[in-house]
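Geometric and topological summary
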Amino acid sequence: MPDRALEGVRVVDISQGIAGPYATKLLADSGARVVKVEPPAGDYSRRLGPFPGDVPDPERSGLFLHLNTGKRSVTLDVSVASGQAVLKKLLAKADIFVAGERTSTLKSWGLTYDDLKAAYPELVVAQVSPFGATGPYAGYGGNSLTALAMSSIMYNTGNPDREPLATGGEPGEYIAGVQLWLGILAALMNRDARGGGDHVDVSIAEAVAAADEYNAAMYAFQGAIRRRFYSRHIFGYPNDIVECADGYIVMIPGATGFPSPLNPGVASPMGLLLEDVELDKSPLFTQMGERMLNWQQFDELVQPYLSTHTAVDIVMTAQALRMPFAFVPTASDLLSDDHLAERRFFETVQHPKAGELKLPGAPFRMSETPLQTAPAPLRGEANEEVLVGELGYEKSDLTVLSDRGVL
Amino acid sequence: MTAGPLPLEGVRIVDLAQVFAGPACTRILADLGADVIRFESPSRLDVTRNLILTDNDGMDHPWHRASYWVLRNAGKREVMINLATEPAREIIRKLVANADVVVESFTPRVMQQFGLAYEQLREIKPDLIMCSLSGYGQDGPMRDFGAYGMGLEAASGISSITGYAGGPPIRSGLSFTDPYSGFVGAGAVLTALLYRKRTGKGQYIDLSEQEAAIPIMGAALLEYQMNARLQPRNGNRSEWAAPQGCYRCAGDDRWAVISCSDDAEFGRLARAMGHDEWTKDDRFATVLARHQHHDALDAAITGWTSQRDHYDVMHTLQKAGVKAAAVLDGKEALLDPHLRARDHFDTIDQPMLGKRPVQRHVAAKFTRFEPKARRHAPLLGEHNEEVLREIGMSDAEIAQLKEDSVIADTPRIPVPPQIISMALKLPYDRYIEAGILQAIEPDYREQLGIAE
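What you are looking at is a predicted structure, and each value in this text was computed from that prediction instead of being measured. (Residues numbered from 1 in each chain as written. Chains lettered and ligands numbered in written order. Predicted model: local features only at pLDDT ≥ 70, side-chain atom pairs only at ≥ 80, totals over all residues.)

1. Comments concerning the overall build of chain A
For the record, the criterion: Secondary structure is summarised from DSSP: a helix means a run of H or I of at least four residues, a strand means a run of E of at least two, and numbering begins at the N terminus for each. Think of it as a crowd count around each C-beta: if 20 or more other C-beta atoms lie within 10 Å the residue is buried, if 12 or fewer it is exposed, and in between it is partly exposed, with C-beta placed from the backbone throughout. For every residue pair, C-beta atoms are placed from the backbone, and the pair is scored as a contact if these atoms sit within 7 Å.
What chain A contains, in helices and strands, is 18 helices and 13 strands. Projected onto its principal axes, the C-alpha positions of chain A cover 85 × 50 × 40 Å. Residues counted as buried form 58% of the 407 residues belonging to chain A. Contacts in chain A between residues at least 24 apart in sequence constitute 67% of all its contacts with a sequence separation of at least 6.

Put into structure tokens, the structure is as follows:
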């Protein structure tokens, strides 16, 4: 068995949904021991699905099964004192505590960083919330959509005559999860070097705003304010998804696709792709501003080629001409993709209730400590193992907690 | 906010990455305290030195006026070096021997051709951590594909579930997977550093930007496996909330998003909008009904939002306990009171460009240290001599390298820079007419409080 990168790191996670659980999934897949503390009804992602046959079942929610690999599940109502008492015993043995609540909620539970730091001076308290733990909007609610809105990314996505458009797949939650994960790792590095825990405070809105490519920069350096224009880049057309004979491709001529003043007299890859090198003289080829403004004319130039060629044809030819065209796969296409199959990207896991599933595998490959994907836990399946086996409770205590609805 | 020592102090990073994803990764590591040394070739400048030029004017030094470059390279040092020469590679090897991490983003095989592949560098530095960021990974049939972030978002599947209902797939208004995989790459390097600290072992990280982003497709991938159904493109709506959408507000092209997860939240929305009766309306009373009559509900909500400023909509609804946010443009994001209060933008003093706000790349706030842009983004070859002296080279050796064009501090390009600046100048007046830009505000530095 290969080594695990985070062997020995102990995590207690009361977060639900996507952002917090994705961060702790990355820790668990890297070898950290993650106790997922769920409310007795389960993480709410157990109710979001998708479900096989559309039949809701907390043990067969696709989102939950994807985001909670390799964790152990303990049910515990941390909103009541007896639940908090159990949680604190867990925290005494933990390196990292992860919460996905706003500060006001954590305060009412006595679980903010300020509440915990004196008793657990080495604990890293990681909190992911819609707008962060401080600042004028700290008490506000939110999700991926509100974060995309605040980041200026959504304003610039979509068509000019329509409403701004959110990117699919709740990306704001995932970006925040990644930022939470790397923040936790930075705090661990710091603790390794100097001792002492810390508060890792991630705002979903800021995590997404950190990804802004140049909307704020255009104002900060140019006084220019962008607006959405078919999601197009300010520095050039097409760089866009276009329809072809059998679907869609992304047409990206790249840095060298059009004629360049640095390469006078050299046939451009776009001209070669369209089999008409005379196009290299057209202002639509030589000036990016012209293409941007007269994009319908440019579309007319490329349409005959696109509508008579398949996606594979176009992308392979363009790539041979050193232009970074790309495919536009669906979920189904990805699952049967040869490239991903050869790289063994998807991990097949056997889940006791959901059966065999292909889950997205490691987001990066490590040569010595490859990430491992173990099935997500059943709700509360480690209650006895953790409470009796590790915290020293009696089995009868479990019954009492369970009868009171705490477990 | 305290500013104690940073977690990566003492960590040295050789940065051979280019453009967006790799530089975003190393910007994070620099902000966390690492000494990041970037390399750039005089005959092939980083293409982002062409992008979003200050005041849309490159003048006679376009490469020092690109905001896109500044954003991702603040806080790093730079050596400009011709990697096609053997002495240059020897310098890289010497630096690697004294470094902890190498980050690179060439297409696979390039590092091999340079004699700088992981296997070769590990001989010099056995506990080296090396992270390669590429579009499609280091092996597999698409390994040699050229890749840009604007295509990889689609390649990861995300574009297939992004778009208006019934319409074609749409890209996000940014090179989405670039920042995303930069963030992932930084976490991967931190993971490897923690492992090395415990075991003394380095390792190689193969990051495919396509794969890094596929987990965002998790629900869609499982939907397909469980029900043989592709998630439809559905605008801003969600199966998990109703109503959810983006609603027109008062003013020119102003919008706010609103999302209600359950009946209780919808009840608060109805009350805040002065329409308590909506909760008793058969079309809206339950989440199922709201999904079915979403268009009618959207029209009703727009009746309220369209009379109000987008920030009013956000604050009024949030204070009533409803998830809502103003849809901000780039200027509004820079001026937003909350983002400012939390120091999302650091002001750096960039040579020739003056004070400029640049966004944080580490989103987390800590109590013990502050991971911010600590310096300006380097000028071409700004740290040539400083870095070469650190690896023990004499002034005479450095002068010889300069003489031999191994190192440089001006680019080697076949045309005068003014020609490049002319080609890069975007016709912004016409962009405003066409609706690509809202406006150019000449007094923007006063508005941002960064006027000299």
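2. Section: the overall build of chain B
Secondary structure assignment for chain B yields 20 helices and 12 strands. A principal-axis box enclosing the C-alpha atoms of chain B has dimensions of 85 × 55 × 45 Å. Across the 452 residues in chain B, those meeting the buried criterion constitute 58%. Here the analysis covers contacts within chain B between residues at least 6 apart in sequence; of these, 69% occur between residues at least 24 apart.

3. With respect to the confidence of the model for chain B
Our working rule: By definition, pLDDT measures how confident the predictor is in each residue, and it falls between 0 and 100.
A residue-level look at chain B finds 100% of positions with pLDDT of 70 or above and a mean pLDDT of 96. Per the prediction output, this complex has pTM 0.98; the corresponding ipTM is 0.98.

4. What about the sheet that holds strand S2 (residues 33-38) of chain A?
The strands making up a sheet associate through hydrogen bonds between their backbones, and the pairing can be parallel or antiparallel. Residues and elements named next belong to chain A. What counts, and what does not: Strand pairing follows a simple DSSP-based rule, namely that at least 2 bridges must link the two strands. The axes used here are C-alpha line fits, helices contributing only the stretch in contact, and every angle between their N-to-C directions lies in the interval 0 to 180 degrees.
Read from one edge to the other, the open sheet built from six strands follows the order S3-S2-S1-S4-S5-S6, with strand pairing classed as parallel. The open sheet has two free edges, formed respectively by strand S3 (72-75) and strand S6 (198-203), since each of these has just one partner strand. Strand after strand, the sheet turns through a mean of 20° between neighbouring axes, direction not considered. As paired elements, strand S4 (residues 96-99) and strand S5 (residues 124-129) share four bridges and run parallel to each other. The partner of Ile96 across the bridge, within S5, is Val124. Here helix H1 (residues 19-29) sits on the sheet and contacts strand S1 (10-13), S2, S4 and S5; the angle it forms with S1, its principal contact strand, is near 160°. Of the strands in this sheet, S4, S5 and S6 are in contact with helix H7 (residues 171-194), which crosses S6 at around 165°.

5. So, helix H18 (residues 417-424) of chain B
Three or four residues apart is the spacing at which side chains of an α-helix point the same way, because the helix has 3.6 residues per turn. Basically, it comes down to this: Regarding the arc, it is the one traced by the directions from the helix axis to the C-beta atoms.
Among all positions of H18(B), only Ile420(B), Ser421(B) and Leu424(B) are buried. Buried positions in H18(B), seen along its axis, are confined to an arc of 100° and lie on one side of it.

6. Things to note about helix H3 (residues 86-97) of chain B
All names here are of chain B. The criterion, for reference: Here the expected length of a helix is defined as 1.5 Å per residue gap, with one fewer gap than residues.
Taking 1.5 Å as the rise per residue, H3 with 12 residues should run 16 Å; its terminal C-alpha atoms sit 17 Å apart, in good agreement. Residues of H3 that are buried include every one of Ala88, Ile91, Ile92, Leu95 and Val96, and no others. With its buried residues spanning 140° around the axis, H3 presents them on a single face. Facing away from the buried side of H3 by more than 90 degrees, the exposed set consists of Glu86, Glu90 and Ala97. The secondary structure elements touched by the buried residues of H3 are strand S1 (12-16), strand S2 (35-40), strand S4 (101-104) and helix H5 (118-124).

7. Some words on the interface of chain B and chain A
Taken residue by residue, the interface counts 145 residues in chain B and 140 residues in chain A. Here the side of chain B that touches chain A takes 16 residues from helix H7 (residues 177-199) of chain B, the largest share from any one element. Sheet topology places strand S13 (residues 365-366) of chain A next to strand S6 (residues 203-208) of chain B; two bridges connect them, and they run antiparallel. Its bridge partner lying in S6(B), Arg365(A) is registered against Asp206(B).

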